[in-house]
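Given next are the chains, with one letter for each unit.
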Amino acid sequence: MQLSDHEKRMLNGEMGEPVRKAMEILVALGESYDAKRMIEVRNVHLAGASIAVTGEAGVKFAENLYCQGGCFCTRTTSNPTALDSARWCELGISEEDAELQGRLTKALENLGAQITSTCTPYYVGNAPRLGEHVAWGESSAIVYVNSVLGARTNREGGPSGLAAALCGRVPECGFHLKENRYGQLLVNVTIPLRGVTDYGCLGYYTGTISSQDTPVFTGIPDTATSDELKALSAALASSGAVTMFHAVGVTPEAPDLEAAFGGNKPETVVEFGEQEKKMILKKLDKEESSNVDWVMLGCPHASVFELTDIAQTMAGKKINPDVTMWVGTSFQTKAIADRMGYTDIIEKAGGKVVCDTCPVLAQTRELAKKMGYRVLTTNSAKMAHYSPGQFGLKTHYGNIDKIIDAAVTGRWER
Ligand code: F3S
């Protein structure tokens, strides 16, 4: 790789050991992807902010970077942690986990991260502009930032995200290059899409057939909301290894089919209609019993509009005493919901507005066992995808109205 003088000095250790180590990681990555040079980034979203991902070794690694003088030179936000910092004890998280998570969060803060603890940093102030090169982790956020905002990132893991934040550089390869951002797979949506559950079905179906290809959708209306596109992004990245999508006439790099495919012909063309949607609903709604014990809304973290809808639907209701309901969001969004009275409505009905974490990034297998949960009920295709493997719970999948009805009655009606 061709390095600038400044980058060579970083690699030679003239800017300290953490920067040297980080540059070594970035050069190794760049060489493995045949990158010609580095590009500057000023914006990082760190995926490795939960001890469920880093383990104790990752905590020590971050602490050592700080002790050796490491300091982020980018604007850096952080993903959810393994616990809600305000109510971890009430949620059943162990003291040992809380202590270890506290160390990791402190180390990232010391290095210079803004501790946002959310997978939707674009809702809390980190919204890069069209064409901006960034280094983001967190699969759903990567797809969203590439596709909906039109910024450019590869799928950064924990170590490469840290390295980018320390050096302000990433190798120029993959989705940073315009020629790699065109679509290969055309998906014609032939049915009206209603709400995040339908967008989740579309994303999940497409992820299963697209592998690493970039899908291009026709038939997504230009009225699609940010929350619906967020659900689409999360689902695409859970059943497939998708990094971005185009929705013709909706997302910024796809004013028309020609632009989305860069003048090329699609390699594959498929349809998403009623039959495909039913197939995915069946796949994600695997639990055969009508049992409902743990309900999870807010994956990816809920926006203030989603909290409004949830509060309006729950107003005046009481959830079944045998049901636990988590509504996941960022602490910044919860502050708005607190002020608007939405948190109060949800919690009076028996739900818990949970911040800073999510079941996938908390140590949930043990938690589910301890609390006796057997089924997870969710409106998130991503959560429904991870739940069986990650915490051993089969899922019910449906829209918010159906889920809140089930939480109230304690039964899932087919
Ligand atoms: Fe966010 Fe966790 Fe879902 S990180 S996307 S709430 S699995």
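Computed from a predicted structure; not experimentally measured.

## Examining the environment of Lys 36
Item 1. You can see Lys 36 is positioned in the loop between helix H2 (17-32) and strand E1 (38-40).
Item 2. Lys 36 sits in the exposed class, given a relative accessible area of 59%.
Item 3. Sequence separation between Lys 36 and Met 1 is 35 residues, and the spatial gap between their C-alpha atoms is 5.0 Å.
Item 4. The contact partners of Lys 36, leaving out residues within four places of it in the chain, are Met 1, Gln 2 and Glu 172.

## Some thoughts on unusual backbone geometry
Glycine aside, the phi torsion of most residues is negative, and most peptide linkages are trans.
Item 1. Geometrically, the link from Cys 299 to Pro 300 is a cis peptide bond, its omega value of -10° lying close to zero.
Item 2. Mapped onto the elements of the fold, Pro 300 is located in strand E10 (residues 294-302).
Item 3. In this structure, Asp 356 is a non-glycine residue whose phi angle is positive, near 70°.
Item 4. Mapped onto the elements, Asp 356 comes out in the loop between strand E12 (351-355) and helix H14 (364-371).

## Examining the domain arrangement of the chain
Item 1. According to the domain assignment, the chain contains domain 1 (5-178), domain 2 (182-282) and domain 3 (285-409).
Item 2. Using only C-alpha atoms to locate each centre, domain 1 and domain 3 end up separated by 28 Å.
Item 3. Between domain 1 and domain 3, the contact holds 28 residues from the first and 23 residues from the second.
Item 4. Approximately 2000 Å² of surface area, both sides summed, lies buried where domain 1 meets domain 3, with 54% of it carried by carbon and sulfur atoms.
Item 5. If you sort the residues of domain 1 by the area they bury against domain 3, Asp 84, Arg 87 and Leu 91 come out on top, with a joint share of 23%.
Item 6. Between the two partners, domain 1 and domain 3, sit three salt bridges.
Item 7. Note that Glu 138 and Lys 382 form a salt bridge whose closest N and O atoms lie 3.0 Å from each other.
Item 8. On the surface where domain 1 and domain 3 come into contact, there are 13 residue pairs in polar contact (both at pLDDT 80 or more).
Item 9. Every element with two or more residues in the side of domain 1 that touches domain 3 is listed here: helix H3 (51-67) and helix H5 (139-147).

## Some words on the environment of Gly 55
Item 1. Note that Gly 55 resides in helix H3.
Item 2. Gly 55 sits in the partly exposed class, given a relative accessible area of 25%.
Item 3. Along the backbone, Gly 55 and Leu 100 are 45 residues apart, and their C-alpha atoms lie at a distance of 8.9 Å.

## Structural notes on the nonpolar core
Here is a general trend for soluble globular proteins: nonpolar side chains tend to be buried in one another's company.
Item 1. Grouped together as the largest cluster of nonpolar side chains are 40 residues, with contacts concentrated most on Leu 202, Phe 217, Ile 220, Leu 232, Phe 245 and Phe 272.
Item 2. For this core, the secondary-structure elements that each account for two or more residues are H5, strand E6 (185-189), helix H7 (195-210), helix H8 (226-239), strand E9 (268-272), helix H10 (274-284) and helix H15 (381-391).
Item 3. Residues within four places of Phe 272 in sequence aside, it is in contact with Val 187, Asn 188, Val 189, Thr 190, Ile 191, Leu 193, Cys 201, Leu 202, Tyr 205 and Lys 277.

## A look at the packing of aromatic side chains
Item 1. Going through the model one piece at a time under the given rule, you end up with seven aromatic pairs.
Item 2. Seen from their ring centres, Tyr 205 and Phe 272 are 5.7 Å apart, and the 50° between their planes marks the pair as tilted. Separated by 67 residues along the polypeptide, Tyr 205 in helix H7 and Phe 272 in strand E9 bring together distant segments of the chain. Comparing Tyr 205 with Phe 272 shows no difference in burial state: the two are buried.
Item 3. Each residue in the set Trp 294, Trp 326, Tyr 373 and Phe 391 is aromatic and connected to the rest through ring pairs, giving one cluster.

## Observations regarding the packing of H14 against H15
Item 1. Running from N to C, H14 and H15 point in directions that differ by 80°, and their axes come no closer than 9 Å. Viewed along their axes, H14 and H15 adopt a mutual orientation that is roughly perpendicular. For the pair H14 and H15, the contacting residues are Thr 364, Arg 365 and Ala 368 in the first and Pro 388, Gly 389, Gln 390 and Phe 391 in the second.
Item 2. Among the residues making up the contact of H14 with H15, the classes are represented as three nonpolar, three polar and one charged.

## A few points about the side chain of Lys 382
Item 1. Within the fold, Lys 382 resides in helix H15.
Item 2. Taking relative accessible area as the criterion, Lys 382 reaches 11% and is therefore assigned buried.
Item 3. In contact with Lys 382, not counting residues within four places along its chain, are Glu 138, Ser 139, Ser 140, Ala 234, Ser 238 and Cys 299.

Thresholds applied
Residues numbered from 1 in each chain as written. Predicted model: local features only at pLDDT ≥ 70, side-chain atom pairs only at ≥ 80, totals over all residues. Heavy atoms only, no water. Helix = DSSP H or I, 4+ residues; strand = E, 2+ residues; numbered from the N terminus. Buried < 20%, exposed > 50% of the residue type's maximum accessible area, 1.4 Å probe, protein only. Contact = heavy atoms within 4.5 Å. Domains from an automatic or database assignment. Buried area = accessible area lost by both parts, 1.4 Å probe. Salt bridge = Lys/Arg side-chain N within 4 Å of Asp/Glu carboxyl O. Polar contact = N/O pair within 3.5 Å; in protein donor to acceptor, adjacent residues only side chain to side chain. Core = buried A, V, L, I, M, F, W, Y, C linked by side-chain atoms within 4.5 Å. Phe/Tyr/Trp six-rings, centres within 6.5 Å; stacked < 30°, edge-to-face > 60°. Axes fitted to C-alpha atoms, helices over the stretch in contact; angles between N-to-C directions. Parallel < 35°, antiparallel > 145°, perpendicular 65-115°, else oblique. Nonpolar A, V, L, I, M, F, W, Y, C, P; charged D, E, K, R; others polar.

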